[in-house]
Amino acid sequence: RCVCFSLESSTYLHFIACLQFMNVIVTLNELAIASFADGSLEDALKLFIEVLAIWQDTDEEDSSQWMANTLNNIGSTYFILNEIGPSLEAFSEALEILRSYLIENLYTFVSGDLTSLSLVSLLQLALGNFTFSAKVKEDKSLADFVEIMT
């Protein structure tokens with residue numbers, strides 16, 4: 001397990017090791033994206049799954065967002081491969097992670113640590129973009145809020 005940015009392990013060598021760890025994840029993810037763009041979907045899927053496994057094996061507080069992003073990439077790849085069941089599983093897991101993250105961090109978000117645009121994006125995520133858009137159209141006060149915040 002990697003705990004890159006904990007206060008207990010703030011030595012220079014640990015910091016360098018963590019940067020290398022992050023470079024590995026970024027490189028694997030970029031290879032997966034390039035494979036996807038090239039049409040090598042099976043290779044992309046294997047790489048995305050490898051990236052997900054690395055994120056799942058970390059103790060990083062922020063890894064949930066990265067895991068959700070990777071799950072979305074996996075879901076998209078399965079979808080293009082016409083494997084709808086695994087695609088829906090990956091998308092559902094990503095949504096569950098993001099909703100949990102939103103709920104766990106709602107106080108931080110509301111207290112102003114994120115930009116207003118991010119708050120609107122989080123509302124879209126929590127409600128689902130289609131539902132959010134429909135609510136904005138039917139609720140003038142919510143429409144005003146969104147306009148002010150964006």
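K.L.:
How should I be thinking about the overall build of the protein in this particular structure?
P.N.:
Scanning the protein for helices and strands turns up eight helices and zero strands. Seen in sequence order, the protein has helices and strands lined up from the N terminus as α-α-α-α-α-α-α-α. Scored against the burial criterion, the 150 residues of the protein give a buried share of 30%. A separation threshold of at least 6 residues defines the contact pool for the protein, and within that pool the share at least 24 residues apart is 49%. Taken as a whole, the protein presents about 9700 Å² of accessible surface, with 60% of it coming from carbon and sulfur.

K.L.:
Sorry, what's going on with helix α4 (residues 84-104) here?
P.N.:
For an α-helix the count is 3.6 residues per turn, leaving residues at separations of three or four pointing the same way. With 21 residues, α4 ought to run about 30 Å at 1.5 Å a step, and its terminal C-alpha atoms sit 30 Å apart, in line with that. Regarding α4, the residues found buried are S87, A90, A94, I97, L98, Y101 and L102. Down the axis of α4, the smallest arc covering the buried residues is 135 degrees, so these residues share one side. Seen from the open side of α4, the exposed residues pointing more than 90 degrees away from its buried face are L88, E89, E96, I103 and E104.

K.L.:
Is there a simple way to explain a nonpolar patch on the surface in this structure?
P.N.:
Taken together, the side chains of F36, F79, I80, I84 and L88 define a hydrophobic patch exposed on the protein surface, amounting to about 460 Å² of accessible area. Of all elements in the fold, only α3 (63-80) and α4 reach the threshold of two or more residues within the nonpolar patch. By the secondary structure assignment, I80 is in helix α3.

K.L.:
Would you explain the confidence of the model for the protein in this entry?
P.N.:
Fine structural detail should not be taken from predicted coordinates in areas where pLDDT scores are low. When pLDDT is averaged across the protein, the result is 75; 59% of the residues are at 70 or more. Contacts for the low-pLDDT stretch residues 113-118, under 50 throughout, to residues beyond four places or in other chains number six contacts.

K.L.:
How do you make sense of the packing of aromatic side chains when you look at a structure like this?
P.N.:
Two numbers describe a pair of aromatic rings. These are the distance of the centres and the angle of the planes. Counted by the stated rule, this structure contains one aromatic pair. For the ring pair W55 and W66, a centre distance of 5.9 Å and an interplane angle of 10 degrees mean the geometry is stacked. Of this pair, W55 sits in helix α2 (residues 41-56) while W66 sits in helix α3, and the two are 11 residues apart along the sequence. Since its relative accessible area comes to 4%, W55 is described here as buried. A relative accessible area of 45% means that W66 is categorised as partly exposed.

K.L.:
I tried to follow the side chain of S87 on my own but got confused; where do I start?
P.N.:
Relative to the helices and strands, S87 resides in helix α4. Classification of S87 by relative accessible area gives buried; the value is 1%. Ignoring sequence-local partners within four residues, the contact set of S87 consists of G75, Y78 and F79.

K.L.:
Whenever I open this one, the environment of V26 confuses me. Can you help?
P.N.:
As for its position among the elements, V26 is in helix α1 (residues 12-38). V26 sits 25 residues away from V51 along the chain, and the two C-alpha atoms are 8.6 Å apart.

K.L.:
When you look at the packing of α2 against α3 in this model, what are you seeing that I'm missing?
P.N.:
Two numbers describe a pair of packed helices, the interaxial angle and the distance between the axes. Where α2 contacts α3, the two axes come as close as 9 Å, and the packing angle between them is 160 degrees. Relative to α3, α2 is oriented roughly antiparallel. Relative to α3, α2 is oriented so that their crossing is left-handed. On α3, the residues touching L41, L45, F48, I49, V51, L52, W55 and Q56 of α2 are S63, W66, M67, T70, L71, N73, I74, T77, Y78 and I80. Tallied by class, the residues present in the contact of α2 with α3 amount to 13 nonpolar, five polar and no charged.

Calculation notes
- Residues numbered from 1 in each chain as written.
- Predicted model: local features only at pLDDT ≥ 70, side-chain atom pairs only at ≥ 80, totals over all residues.
- Heavy atoms only, no water.
- Helix = DSSP H or I, 4+ residues; strand = E, 2+ residues; numbered from the N terminus.
- Buried < 20%, exposed > 50% of the residue type's maximum accessible area, 1.4 Å probe, protein only.
- Contact = heavy atoms within 4.5 Å.
- Areas by Shrake-Rupley, 256 points an atom, 1.4 Å probe, with all protein chains shown as cover.
- Expected span 1.5 Å × (residues − 1).
- Arc of directions from axis to C-beta.
- Patch = residues over 30% accessible without salt bridge, like charges linked within 9 Å, V, L, I, M, F, W, Y side chains within 5 Å.
- Salt bridge = Lys/Arg side-chain N within 4 Å of Asp/Glu carboxyl O.
- pLDDT = per-residue confidence, 0-100.
- Phe/Tyr/Trp six-rings, centres within 6.5 Å; stacked < 30°, edge-to-face > 60°.
- Axes fitted to C-alpha atoms, helices over the stretch in contact; angles between N-to-C directions.
- Parallel < 35°, antiparallel > 145°, perpendicular 65-115°, else oblique.
- Left-handed = near helix turned anticlockwise from the far one by under 90°.
- Nonpolar A, V, L, I, M, F, W, Y, C, P; charged D, E, K, R; others polar.

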